[in-house]
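# Tertiary structure, described
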Amino acid sequence: MSAKTNPKLIGAFVLGAAALVVAAVVTFGSGKLFSDRERCVLFFDSSVKGLSVGAPVLFRGVKVGSVVDISLVFDSQDVTFRIPVVIEVEFDRVTEAHADPRKKPDANSERVLLKKLIEKGLRAQLNTQSFLTGQLYVMIDLFPDSAVRLTGIKSNYVELPTIPS
């Protein structure tokens, strides 16, 4: 003879399991699930040997993002290869000096800000993270005297101009 199962006990077990899953996502996700991020694409003409997915993106030494994708594009019009590197910039790591902290910026305002920064000289370049291992990272900074070099390759992301390393 088997005992009858208690539906309240099963419900409590299911709710407890769901709470554990949510706690694991928040804990192991480092809060990235709720952060405000924008993806940008950088096009490099030369080798990116040493750059890997997960490499940091630094602005004046402060980590503001990471590399999320590296691929290779062939342009048949001028018979060249370009290497698109997709980075993810965490905008919640940067605060505006005179902004209302209660007001949450929308994605469109972040794209407008990126375009303004590009006009002011925002550029990306590869730098050596470790001479011993040859690892690279992406550095972004303001270089107001450098020319804007955009490839014109269609992308779903804002293209940040690059400068030679």
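Higher on the page you've got the structure.
Okay, so let's go over this structure.

## Quick notes on the pattern of salt bridges
Enumeration according to the criterion identifies 6 salt bridges in this entry. Its salt-bridge partner being Asp75, residue Arg82 comes within 3.6 Å of it at the nearest N-O pair. Exposure class is identical for Arg82 and Asp75. Each is buried. Residue Arg82 is classed as buried on the basis of its relative accessible area of 17%. Among the charged side chains, a network of salt bridges with common partners joins Asp45, Asp75, Asp78, Arg82 and Arg149.

## Here's the deal with unusual backbone geometry
Located in the positive-phi region is Arg60, a residue other than glycine, with phi close to 50°. Judged by relative accessible area, which is 55%, Arg60 ranks as exposed. Phi is positive for Val79, close to 50°, though the residue is something other than glycine. By secondary structure assignment, the location of Val79 is in the loop between β4 (73-75) and β5 (80-90). Val79 gets classed as exposed once you look at its relative accessible area, which sits at 60%.

## Notes on the pairing of strand β2 (residues 56-59)
The two faces of the sheet receive side chains in turn, since in a regular strand these alternate between them. Pairing geometry for β2 and strand β3 (residues 62-70), over 4 bridges, is antiparallel. Pairing of Pro56 across the sheet is with Ser66, part of β3. Taking the residues that link successive antiparallel strands as the turn, the β2-β3 hairpin has 2 residues, and the phi of Arg60 there is positive, at about 50°. Summarising the sheet, β2 and strand β7 (residues 136-142) pair through 3 bridges and their orientation is parallel. In the sheet register, Leu58 faces β7, and the bridge partner there is Met139.

## Notes on the nonpolar core
In terms of nonpolar packing, the biggest core is built from 24 residues, with Leu51, Val67, Ile87, Val138, Ile140 and Leu160 touching the most fellow members. Where this core is concerned, the elements lending two or more residues are β1 (37-44), β3, β5, α2 (107-119), β6 (122-128), β7 and β8 (158-160).

## Notes on the packing of aromatic side chains
Both the distance between ring centres and the angle between the ring planes are used here to describe each pair of aromatic rings. Counted under the stated rule, the structure contains 1 aromatic pair. With 5.0 Å between their ring centres and 50° between their planes, Phe74 and Phe81 make a pair best called tilted. Overall, Phe81 belongs to the partly exposed group, its relative accessible area being 49%.

Quick notes on the rules
- Residues numbered from 1 in each chain as written.
- Predicted model: local features only at pLDDT ≥ 70, side-chain atom pairs only at ≥ 80, totals over all residues.
- Heavy atoms only, no water.
- Salt bridge = Lys/Arg side-chain N within 4 Å of Asp/Glu carboxyl O.
- Buried < 20%, exposed > 50% of the residue type's maximum accessible area, 1.4 Å probe, protein only.
- Helix = DSSP H or I, 4+ residues; strand = E, 2+ residues; numbered from the N terminus.
- Pairing = 2+ DSSP bridges.
- Core = buried A, V, L, I, M, F, W, Y, C linked by side-chain atoms within 4.5 Å.
- Phe/Tyr/Trp six-rings, centres within 6.5 Å; stacked < 30°, edge-to-face > 60°.

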